[in-house]
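Single-letter residue listing:
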Amino acid sequence: MKQGLNEREKRIFREMPELQAVLTLAVPTVLSQIISVIYNLADTYYIGQTKNPDMVAAASICMTLMLLMTGMANLFGIGGSSLIARCLGEQKFEKARHVSAFSVWAGFLFAAFYSVILLLFHPFILRLLGAGDGTFSYCRSYMFWTCVIGGIPTVMNPLLAHLVRSEGASKEASIGVSLGGVINMILDPVFMFVLLPDGYEVMGAAMATMVSNCIAAIYFIVYILRHRASSVLTLSPREFSVQESIPADVVSIGLPSFLMTALSSASNAVVNNLISEASSAAVAGMGIAKKINMLSFRVSTGVTQGALPLIAYNHSAGNYTRMKRSIAGAAKITVGFAAFCMCVSMLFGGGLVKLFIDDAATVEFGQNFIHIISLAMPLAAATMTMMMFFQASAKKAQATALSMMRKGILDIPLMFLFNSVWPVYGVACATPVAEIIGCAVALVLVWRYMRTLKGE
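Residues numbered from 1 in each chain as written. Predicted model: local features only at pLDDT ≥ 70, side-chain atom pairs only at ≥ 80, totals over all residues. Heavy atoms only, no water.

This part covers the overall build of the protein. Looking only at helices and strands, the protein features 16 helices and zero strands. At 21 Å, the protein has a C-alpha radius of gyration in line with the 23 Å of a compact globule built from 456 residues. For the C-alpha atoms alone, the extent of the protein along its principal axes is close to 60 × 45 × 35 Å. When burial is assessed residue by residue, the protein has 61% of its 456 residues classed as buried. A fraction of 85% describes how many contacts in the protein between residues 6 or more apart in sequence connect residues 24 or more apart. Carbon and sulfur atoms provide 67% of the accessible area of the protein, an area that totals close to 17,300 Å². Positive and negative side-chain charges in the protein, numbering 32 and 24 respectively, have mean positions lying 10 Å apart. (Helix = DSSP H or I, 4+ residues; strand = E, 2+ residues; numbered from the N terminus. Rg over C-alpha atoms; globule rule 2.2 N^0.38 Å. Buried < 20%, exposed > 50% of the residue type's maximum accessible area, 1.4 Å probe, protein only. Contact = heavy atoms within 4.5 Å. Areas by Shrake-Rupley, 256 points an atom, 1.4 Å probe, with all protein chains shown as cover. Lys, Arg positive; Asp, Glu negative; His and termini not counted. Charge placed at Lys NZ, Arg CZ, Asp CG, Glu CD.)

Structure representation (structure tokens):
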């Protein structure tokens, strides 16, 4: 059983220059996130080759269900990762093992429950999310393979990646996530255009996603079992514990990330319902615009998730100078890259949308949507970095408030308001306005908390 930090953990958490440590942890995570973006885009690209807006719209509608599964993974994965890193900083290795077991089995049970709920109530749920007569059968097929049959591996894959990353093994975690993405891209055309007949392209994309997530989850299980002698990570149900406030600490730390993805799902549902009144082309255009926007978001996610254990460890160890420099390094990377993505989207938005589907109405909608929502990219990156800092330092109230403000409290009411003034495109305007307000609040909260650390 592990009783101390290994040399890699000491080097990353204590000794490396801060920006180098952030890059060491973040670069593999960012690469895996980019691969995830590529395979999400590949799904949309291959489905778009059918030139059927209903199929593309169905994949966009089901993204809401997939976001909820990502939220579950973040609830127990990010919550567990942050707590494990802080346990390492406090030299509490036995507690770290209990945190690992709790995170794994709680995530497993939640994923199983979610899959059963979707199986039983999917007609009502899909209609609620905006599925119409033209898209319902495609939505049902995609949901069945990715969220019902593949529900548990879809959650466990990113959850286990978060836990592996908590010990500084960012490269190993990213290999698993990237493995799933690469396999998905290989299997997409095989299932969609070779194994299944015409008209079943959405089912083929879903089956490819399910198989790839299963393989990635198996990779993480094998990795944890092989390193159990030198790691605090464990899959043993005997290590499961609800003592020492472990459930409350894991859930409260992971809750902001869960809320952010859950409320993003609710936000997507509102978007799809409001713009579906225009046409399936509008829904498809918004779906493609959000997929293009995903690159900036995923890079920010990769940097913040990679840097979280470093910041949590140094906060717990009381090394506030190293912690602050690490946060500054992460912010420079996320905001700088987001600003670059914004410029590219503004200049080449129409061409990017046309890569996915050659339908004039969909391209027009998608181009206009991407021009509007790309304005929010740098602001979202800054807010995510500040929210990660609060999660790493166990400031649960601030992190939760920021996650709810970004998605839910601000953007949903603004969608209805702006849509009444500027139908369809007003819905997209809610995103940058909500991010401006959320980022301003985040800056105030961080400034106030940093003043207390300066005193310490």
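Having seen the structure, we can now continue with the description.
Quick look at the pattern of salt bridges now. Summed over all chains, the structure comprises four salt bridges. The residue Glu18 makes a salt bridge to Arg322 at a minimum N-O spacing of 3.8 Å. With a gap of 304 residues between them, Glu18 in helix α2 (residues 18-48) and Arg322 in helix α11 (residues 320-354) connect regions that are remote in the sequence. A salt bridge links Arg97 to Glu239; the shortest N-O distance between them is 3.5 Å. Of this pair, Arg97 sits in helix α4 (residues 93-128) while Glu239 sits in the loop between α8 (201-226) and α9 (246-275); the two residues are 142 residues apart in sequence, bridging distant segments of the chain. The two residues Arg97 and Glu239 agree in class, both being buried. Overlapping salt bridges bring together Glu18, Arg322 and Arg325 as one network. (Salt bridge = Lys/Arg side-chain N within 4 Å of Asp/Glu carboxyl O.)

With that settled, the discussion passes to α11. Taking 1.5 Å of rise per residue, the 35 residues of α11 would be expected to cover 51 Å, and the 48 Å separating its terminal C-alpha atoms lies within 8% of that figure. Residue Phe348 marks the point of greatest curvature in α11, where the axis turns by about 80 degrees. (Expected span 1.5 Å × (residues − 1). Bend = angle between axes of the 7 residues up to and from the residue.)

The topology assignment puts Glu201 in helix α8. Residue class for Glu201 comes out buried when judged on its relative accessible area of 6%. Once residues lying within four places of it in the same chain are set aside, the contact partners of Glu201 are Thr50, Met55, Met192 and Phe193.

To continue, consider the packing of helix α14 (residues 396-409) against helix α15 (residues 411-421). Relative to each other, α14 and α15 sit at 25 degrees, their axes nearing to 5 Å. Relative to α15, α14 is oriented roughly parallel. Judged by residue contacts, Arg406, Lys407, Gly408 and Ile409 of α14 engage Asp411, Ile412 and Pro413 from α15. Here the residues of the contact of α14 with α15 sort into three nonpolar, one polar and three charged. (Axes fitted to C-alpha atoms, helices over the stretch in contact; angles between N-to-C directions. Parallel < 35°, antiparallel > 145°, perpendicular 65-115°, else oblique. Nonpolar A, V, L, I, M, F, W, Y, C, P; charged D, E, K, R; others polar.)

A full pass over the atoms with the stated rule returns 14 aromatic pairs. Residues Phe76 and Phe102 carry aromatic rings whose centres are separated by 6.3 Å and whose planes lie at 65 degrees to one another, so their mutual orientation is edge-to-face. Of this pair, Phe76 sits in helix α3 (residues 53-89) while Phe102 is found in helix α4, placing the two residues 26 residues apart along the sequence. Measuring from centroid to centroid gives 5.3 Å for Phe389 and Phe390, while their planes differ by 35 degrees, and the two rings are tilted. The same class applies to Phe389 as to Phe390, namely buried. (Phe/Tyr/Trp six-rings, centres within 6.5 Å; stacked < 30°, edge-to-face > 60°.)

Take Glu239: its relative accessible area is 15%, and that puts it in the buried class. When sequence neighbours within four positions are dropped, the list of residues in contact with Glu239 reads Glu94, Arg97, His98, Ala101 and Thr234.

Before going further, it helps to examine the packing of helix α13 (residues 377-392) against α14. In contact at an axis separation of 8 Å, α13 and α14 are set at 155 degrees when each is read in the N-to-C sense. Relative to α14, the element α13 lies roughly antiparallel. Handedness of the α13/α14 crossing: left-handed. The residues of α14 that touch α13, namely those facing Ala380, Thr383, Met387, Phe390 and Gln391, are Gln398, Ala399, Leu402, Ser403 and Arg406. (Left-handed = near helix turned anticlockwise from the far one by under 90°.)

We now examine the confidence of the model for the protein. Per-residue confidence for the protein gives a mean pLDDT of 85; residues scoring 70 or more make up 97%. For the protein, the element scoring lowest by mean pLDDT is helix α1 (residues 7-15), at 75; α4 scores highest, at 92. (pLDDT = per-residue confidence, 0-100.)

Let us look at the nonpolar core. Ranked by internal contacts, the top residues of the largest apolar core, which has 134 residues, are Leu65 and Phe389. Excluding anything up to four places from it in sequence, Phe389 contacts Ile311, Met323, Ile327, Val446, Tyr449, Met450 and Leu453. If you look at the next biggest cluster of nonpolar residues, it comprises six residues, including Ile183, Leu187, Phe191 and Ala208. (Core = buried A, V, L, I, M, F, W, Y, C linked by side-chain atoms within 4.5 Å.)

For the rest of this paragraph, the subject is the environment of Ile253. Mapped onto the elements of the fold, Ile253 is located in helix α9. For Ile253, a relative accessible area of 2% translates into the label buried. Once you skip the residues sitting within four places of it in the chain, Ile253 turns out to touch Ile78, Gly79, Ser82, Leu83, Arg86, Gln391 and Lys396.

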